[in-house]
Amino acid sequence: MRGIASIARQERPSSDALDTLRRLNKPGGVMCTSCAWTRPADTHIVEFCENGAKATLWDLTSRRCTPEFFANHSVTELREWSDHDLEQAGRLTHPMRYDAASDKYVPVGWEEAFAQIGKALQALDPQSTIFYASGRASLETSYLYALFARLYGHNNLADSSNMCHETTSVGLKKVTGSAVGTCSLDDFTKCDAIFFFGQNPGTNSPRLLHPLRQAAKRGCRIVTFNPIREKGLIEFRNPQSPMEMLAGGKTRISELYFQPRPGSDIAVMMGICKYVIAEKDGALLDTAFLEEHCTGFEAFRAKVEATSWEDIEAETGLSRHDLKQAADVYCNADRVIGVYGMGVTQHVRGFETIGMFVNLLALRGNIGREGAGMSPVRGHSNVQGQRTVGISEKPELVPLDRLRSIFNFDPPTQPGLATVEACEGMISGKVKAFIGLGGNFVRAIPETERMEAAWQNMALTVQIATRLNRSHLINGKSAWLLPCLVRSEADVQAGGPQVVSMEDSMSQIHASIGKAKPASAFLKSEIAIIAGIAKATLPPKDEIKWDEWTADYGKVRDLIEATYPDMFADYNTRMYQPGGFFRGNAARERIWKTDSGKLEITMPEGLNSCGFADAPGRYRLMTLRSNDQFNTTIYGYSDRLRGIEGTRDVLLISPAEMEAAGLVAGQLVSLVSDAEDGIHREVGGLAVTPFDLPRGCVAGYYPELNPLIPLSHHDKLAQTPASKSVPVRIVA
Ligand SMILES: Nc1nc2c(c(=O)[nH]1)N[C@H]1C(S)=C(S)[C@@H](COP(=O)(O)OP(=O)(O)OC[C@H]3O[C@@H](n4cnc5c(=O)[nH]c(N)nc54)[C@H](O)[C@@H]3O)O[C@H]1N2
Ligand SMILES: Nc1nc2c(c(=O)[nH]1)N[C@H]1C(S)=C(S)[C@@H](COP(=O)(O)OP(=O)(O)OC[C@H]3O[C@@H](n4cnc5c(=O)[nH]c(N)nc54)[C@H](O)[C@@H]3O)O[C@H]1N2
Ligand SMILES: [Mo]
């Protein structure tokens, strides 16, 4: 509650904020923008968490970033401001154009902005433009944005998922045929054990703490592997239960908590698999499932048996005994759920870790049945849904035939550029324009310095946003800043008040109704902005009805239903169902839409997912989120749950490693990239901070440490930047 109070003091939210909080995540209410955890059908009095409240108060602030603000500060000056101070300027109120002569943003009318952007896009080769989306935009907005890209002529639909769970979209799909999790909320009430790898619910999806606590209370056994002892996974105090608060009571969450080295999850899982396969002469295996549903098991068994305990212990830093304890929990449970997040996806061989996790579940048939399955926890509130309705650089994932027949055009079939490829294109000069539907792209991607330089060579940059961030200050030759409504605000169009919808981590689709008064009379909805740019760019066409769609989002949902009839039947009605409606998942039914038609047991190449070898003086750097940030939005400087206060410029390192390196607490040091590519990357001014971490690794905050991550350091299959094991050295 302390966190909420401090944000409320800072933001002095509008009077509508309280009403919005009351309606958060409830049927007929507004779906929180803070995370993608599912919304239950039967709700409590409050269905939000500390961080959801922070995100809402941040959106409904009374602070305003007006044309006067921009008249008072040049863009060059604003580049010196911190991420926190930029967003603190408040909600953007007017469409703005960058004026190079005065080095300032100046106000511009919407029609003028649309006309100029349209003209610029007409002059460009569509293949040289990127239409980026951050995972917050609604299903309706995302569908129209993707349609605009394809009508214009490209598939360059990069998305925040490319830095996040793309490893899941590609890796999980490869082995199970499903790109998303297979569990429902109900499964969390029936499982006997939950295995957590690299996800931090206390900070990033606090509403997940409630089902976890319920599970722990009824005897479900929770086992966590995380290099850091994260509070939310250790114990739970319920702020919504006055009795529990008064009694000072708490619920233990993880029965076993292990701190492996970052990037060693493959070895951890290998160790557990070794026990499952060897114990009781294989009697613990679900042989029927392996025979009927899986391919590749025998080769995997041979690989597991050939892997030595010495190698597993050396890689993980855990003992054989630790892994036996975890294996005992696994084997004594009839139904097991696997949960993971960025600690798994953001590695060079993250896809192999996901493959290993599926192997582990498959050994005892823990996938595609009640109370069991895989539950990746997504980030942004609609990031999963954006992929569902066509935001994808991969044309083979999109029903192009349906688009062709509904809209009477030939959609482009050339594969598009995802985030890393878009960045490479900017560096090489091939990419000439960037439209950003939300996000703080320049700050969120790796390789900050080279990217900021390359960015300014682009012909056109357009940012659709709610609050000012650094990406709005690194501009192309023609640059536009277009302010939009947030989800909790009333969105009134020609056809009346509009409703939008999202898909959560469990593939449930919910309506979201904003009612708060918009921050400025000059704001437009994201749909209206996309339609405005599209109309100014594309020639008119009978089947393309931007004005009608903007007037009534129900018509956009009809189009989504026509494009994806299996998933979205009766969309306009069912989205109001309490708890949303389920769009279906084949792997949950044990239908494997893989190349082989079976669940694929795969073999990792090595025992770690880092993509580089250990070397003297080289550390594996993890870049983390604090409890007081939402991605690049820095609410404040209190990482309360980890006990780090007042600064984000820290280098977390174990006391043993400090001693070995001759460092003292509080000393300021630099980190330099230890990638073997000859490029110097450095971040200085970091205070050495003793912290409970495994050997050979260090940690610090994202986005401050992004300049250290080489653009080429990404998952080999999905291209997700490998932000959780970056090779670095410490320079005192
Ligand atoms: N308040 C808040 N909520 C958020 C966000 C936010 O910034 N703030 N961001 C949203 C978004 S977009 C996303 S993607 C999600 C992210 O949510 P998470 O998936 O939880 O991502 P992170 O906090 O980056 O890292 C997760 C955990 O991985 C651990 N870890 C790091 N490396 C390894 C490893 O090699 N192995 C293992 N086993 N663990 C490792 C870290 O210690 C950390 O606890 O949260 C969403 N929700
Ligand atoms: N080193 C490192 N880098 C990482 C990560 C990491 O763990 N480590 N995590 C990665 C991950 S998982 C992600 S998802 C990315 C995300 O990183 P970001 O791009 O930072 O994601 P957002 O939170 O979407 O961006 C915030 C901005 O979106 C705008 N915004 C907010 N609400 C809205 C809205 O409703 N509409 C519109 N149009 N704009 C809005 C605001 O202007 C705000 O400044 O960062 C990635 N980068
Ligand atoms: Mo994310």
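Residues numbered from 1 in each chain as written. Chains lettered and ligands numbered in written order. Predicted model: local features only at pLDDT ≥ 70, side-chain atom pairs only at ≥ 80, totals over all residues. Heavy atoms only, no water.

- As recorded by an unreviewed UniProt entry, the protein carries the name FdhF/YdeP family oxidoreductase and is attributed to Stakelama tenebrarum.
- In its Sequence similarities (unreviewed entry) section, the UniProt record describing the protein reads: "Belongs to the prokaryotic molybdopterin-containing oxidoreductase family." (UniProt positions renumbered as here; feature names shortened; annotations may be inferred.)

Focus: the nonpolar core
No. 1: Membership of the largest hydrophobic core comes to 64 residues, with the highest contact counts inside it found for Tyr143, Phe148, Leu482, Trp546 and Phe568.
No. 2: It is helix α8 (residues 139-152) that contributes the most residues to this core, 10 residues altogether.
No. 3: In contact with Phe568, other than residues within four places in its own chain, are Leu139, Thr388, Val389, Ile509, Ile560, Glu561, Arg574 and Phe581.
No. 4: Of all hydrophobic cores here, the second largest spans 55 residues; its members include Met270, Leu290, Trp309 and Leu607. (Core = buried A, V, L, I, M, F, W, Y, C linked by side-chain atoms within 4.5 Å. Buried < 20%, exposed > 50% of the residue type's maximum accessible area, 1.4 Å probe, protein only. Helix = DSSP H or I, 4+ residues; strand = E, 2+ residues; numbered from the N terminus. Contact = heavy atoms within 4.5 Å.)

Remarks on the sheet that holds strand β19 (residues 500-503)
Whenever strands of a sheet pair, they do so through backbone hydrogen bonds, lying parallel or antiparallel.
No. 1: Pairing within the open sheet is antiparallel, and its three strands lie in the order β19-β20-β21. Across the chains shown, the open sheet's two edge strands, defined by having one partner strand only, are β19 and β21 (581-582).
No. 2: Bridge count between β19 and strand β20 (residues 508-512): four bridges; the pairing is antiparallel. In the strand pairing of β20, Ser501 is matched with Ala511.
No. 3: Against the sheet, α8 engages β19 and β20, with an angle of about 90° to β19. (Pairing = 2+ DSSP bridges. Axes fitted to C-alpha atoms, helices over the stretch in contact; angles between N-to-C directions.)

A few points about the environment of Asn226
No. 1: Within the fold, Asn226 resides in the loop between β7 (221-225) and β8 (235-236).
No. 2: With 461 residues separating them in the primary sequence, Asn226 and Ala687 have C-alpha atoms 23 Å apart.
No. 3: Setting aside residues up to four positions removed in sequence, Asn226 forms contacts with Gly198, Gln199, Tyr257, Phe258, Gln259 and Pro260.

Structural notes on the site of ligand 1
No. 1: Taken together, 30 residues form the shell around ligand 1, and within it Glu230, Gly263, Asp265, Gln629 and Asn631 come nearest.
No. 2: Gly263 has a polar backbone atom sitting 2.7 Å from an oxygen atom of ligand 1.
No. 3: At a separation of 2.7 Å, a nitrogen atom of ligand 1 approaches a polar side-chain atom of Asp265.
No. 4: Here ligand 1 loses 99% of its free accessible area of 920 Å² to cover by the protein chains.
No. 5: Mapped by element, the contributors of at least two residues to the shell around ligand 1 are α10 (201-204), α18 (342-345), β23 (619-624) and β24 (629-630).
No. 6: Of the residues in the shell around ligand 1, the class split is 10 nonpolar, 16 polar and four charged.
No. 7: Taken together, domain 2 (178-379) and domain 3 (619-731) each give at least three residues to the shell around ligand 1, which thus spans both. (Near = heavy atom within 4 Å. Polar contact = N/O pair within 3.5 Å; in protein donor to acceptor, adjacent residues only side chain to side chain. Areas by Shrake-Rupley, 256 points an atom, 1.4 Å probe, with all protein chains shown as cover. Nonpolar A, V, L, I, M, F, W, Y, C, P; charged D, E, K, R; others polar. Domains from an automatic or database assignment.)

Here we look at the domain arrangement of the protein
No. 1: Split into domains, the protein comes out as domain 1 (63-163 + 390-497 + 521-574), domain 2 (178-379) and domain 3 (619-731).
No. 2: Centre-to-centre, using C-alpha coordinates, domain 1 lies 38 Å away from domain 2.

A look at the packing of α8 against helix α25 (residues 526-537)
No. 1: Where α8 meets α25, the axes come as close as 9 Å, and the angle between the chain directions of the two elements is 15°. Here α8 lies roughly parallel to α25, going by the angle between them. The two elements α8 and α25 meet at a crossing, and its hand is left-handed. Between α8 and α25, the contacting residues are Glu140, Thr141, Leu144, Tyr145, Phe148 and Tyr152 on the first element and Glu526, Ile527, Ile530, Ile533, Ala534 and Thr537 on the second.
No. 2: Broken down by class, the residue content of the contact of α8 with α25 amounts to eight nonpolar, two polar and two charged. (Parallel < 35°, antiparallel > 145°, perpendicular 65-115°, else oblique. Left-handed = near helix turned anticlockwise from the far one by under 90°.)

Remarks on the pairing of β20
No. 1: Summarising burial for β20: five of the five residues are buried, a large majority.
No. 2: Every second residue of β20 is oriented toward a common face, with Gln508, His510 and Ser512 on one face and Ile509 and Ala511 on the other, all of them buried.
No. 3: What sits between β19 and β20 in their antiparallel hairpin is a turn of four residues, with Ser507 showing a positive phi close to 60°.
No. 4: Pairing geometry for β20 and β21, over two bridges, is antiparallel. Note that in β21 the partner of Ile509 across the bridge is Phe581.

Section: empty space enclosed by the protein
No. 1: Across all of its chains, the model carries five cavities of 30 Å³ or more by this definition.
No. 2: For the second largest cavity, the calculated volume is near 80 Å³.
No. 3: Lining the second largest cavity we find 16 residues, and of these Pro27, Gly28, Met31, Ala511 and Gln577 sit closest to its centre.
No. 4: Residues that form the lining of the second largest cavity fall into these classes: eight nonpolar, six polar and two charged. (1 Å grid on protein atoms, 1.4 Å probe; cavity = no way out; pocket = protein on both sides within 12 Å on 5 of 7 lines; lining within 4 Å. Points joined across faces, edges and corners; volume = space filled by probe spheres on them.)

Observations regarding the site of ligand 2
No. 1: Residues in close proximity to ligand 2 total 31 residues, the closest being Glu87, Ser134, Arg467, Glu526 and Thr632.
No. 2: Contacts to ligand 2 include Gly438, whose backbone N or O atom sits 3.4 Å from a nitrogen atom.
No. 3: Notes on ligand 2: free accessible area 930 Å², of which the protein chains cover 97%.
No. 4: Grouping the constituent residues of the shell around ligand 2 by class yields 10 nonpolar, 15 polar and six charged.
No. 5: No fewer than three residues from each of domain 1 (63-163 + 390-497 + 521-574) and domain 3 (619-731) sit in the shell around ligand 2.

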